[in-house]
Amino acid sequence: IQKGEQLMLVTTQVNAARNELSARAKSDGVGELHVPKRIIQVPAMPLLGSGKTDYPAVTALVEQSMASGDREIG
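Residues numbered from 1 in each chain as written. Predicted model: local features only at pLDDT ≥ 70, side-chain atom pairs only at ≥ 80, totals over all residues. Heavy atoms only, no water.

A.B. asks: What am I meant to see in the overall build of the protein here?
C.D. replies: The helix and strand inventory of the protein stands at two helices and two strands. For the protein, the α and β elements follow one another from N to C terminus as β-α-β-α. When burial is assessed residue by residue, the protein has 27% of its 74 residues classed as buried. Long-range contacts, defined as pairs at least 24 residues apart, comprise 62% of the intrachain contacts of the protein with a sequence gap of at least 6. Total accessible area computed for the protein in this model is approximately 5,600 Å², and 53% of it derives from carbon and sulfur atoms. (Helix = DSSP H or I, 4+ residues; strand = E, 2+ residues; numbered from the N terminus. Buried < 20%, exposed > 50% of the residue type's maximum accessible area, 1.4 Å probe, protein only. Contact = heavy atoms within 4.5 Å. Areas by Shrake-Rupley, 256 points an atom, 1.4 Å probe, with all protein chains shown as cover.)

Here you go:
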């Protein structure tokens, strides 16, 4: 059982890699705590009719990914 929270990145970036983010954070003096533990790639970011991010839909995508163990959705 894991306790606490994990930072996750939901992105449309095809080649997003945690090791690259970690290396950049280290070179910028940013702690590992601020690097996403998991990257979830989506084909398109869910948007509301106003064009703003649909955060409940993003949360649902994250939950779906967590349940299936996938790194990529779509």
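A.B. asks: How should the nonpolar core be read in this particular structure?
C.D. replies: In globular proteins that are soluble, nonpolar side chains generally tend to be buried together. Val10, Ile40, Val42, Val58, Leu61 and Val62 together form the largest nonpolar core, which totals six residues. Broken down by element, the residue count for this core peaks at three residues, all from helix 2 (residues 55-68). Residue contacts for Val62: discarding those within four places in its chain leaves Met8, Val10 and Ile40. (Core = buried A, V, L, I, M, F, W, Y, C linked by side-chain atoms within 4.5 Å.)

A.B. asks: Just to check I follow, could you spell out the environment of Val42 for this structure?
C.D. replies: When you line up the elements, Val42 lands in the loop between strand 2 (38-41) and helix 2. In this structure Val42 comes out as buried when scored by relative accessible area, which is 2%. C-alpha of Val42 to C-alpha of Thr11: the two residues are 31 residues apart in sequence and 6.0 Å apart in space.

A.B. asks: Is there a simple way to explain the pairing of strand 2 in this structure?
C.D. replies: Consecutive side chains along a regular strand alternate between the two faces of the sheet. Residues Arg38 and Ile40 point to one face of strand 2 and Ile39 and Gln41 to the other, with burial holding for every one of them. One ladder, built from four bridges, connects strand 1 (residues 8-11) with strand 2; its direction is parallel. The partner of Met8 across the bridge, within strand 2, is Arg38. Handedness of the crossover is the feature at issue here: the chain leaves strand 1, passes through helix 1 (residues 18-27), returns alongside strand 2, and the resulting connection is right-handed. (Pairing = 2+ DSSP bridges. Right-handed = clockwise from strand over helix to strand, strands pointing away.)

A.B. asks: Would you mind going over the pattern of salt bridges with me for this structure?
C.D. replies: Side-chain pairs of opposite charge can arise whenever the charged atoms involved come near each other. With the rule as written, the count across this model stands at two salt bridges. Between Glu32 and Arg18 there is a salt bridge, with its nearest N and O atoms 2.7 Å apart. Of this pair, Glu32 sits in the loop between helix 1 and strand 2 while Arg18 sits in helix 1, placing them 14 residues apart in sequence. With relative accessibility at 36%, the residue Glu32 sits in the partly exposed group. Between Asp28 and Arg24 there is a salt bridge; the shortest N-O distance is 2.8 Å. Given the relative accessible area of 47%, Asp28 is considered partly exposed. (Salt bridge = Lys/Arg side-chain N within 4 Å of Asp/Glu carboxyl O.)

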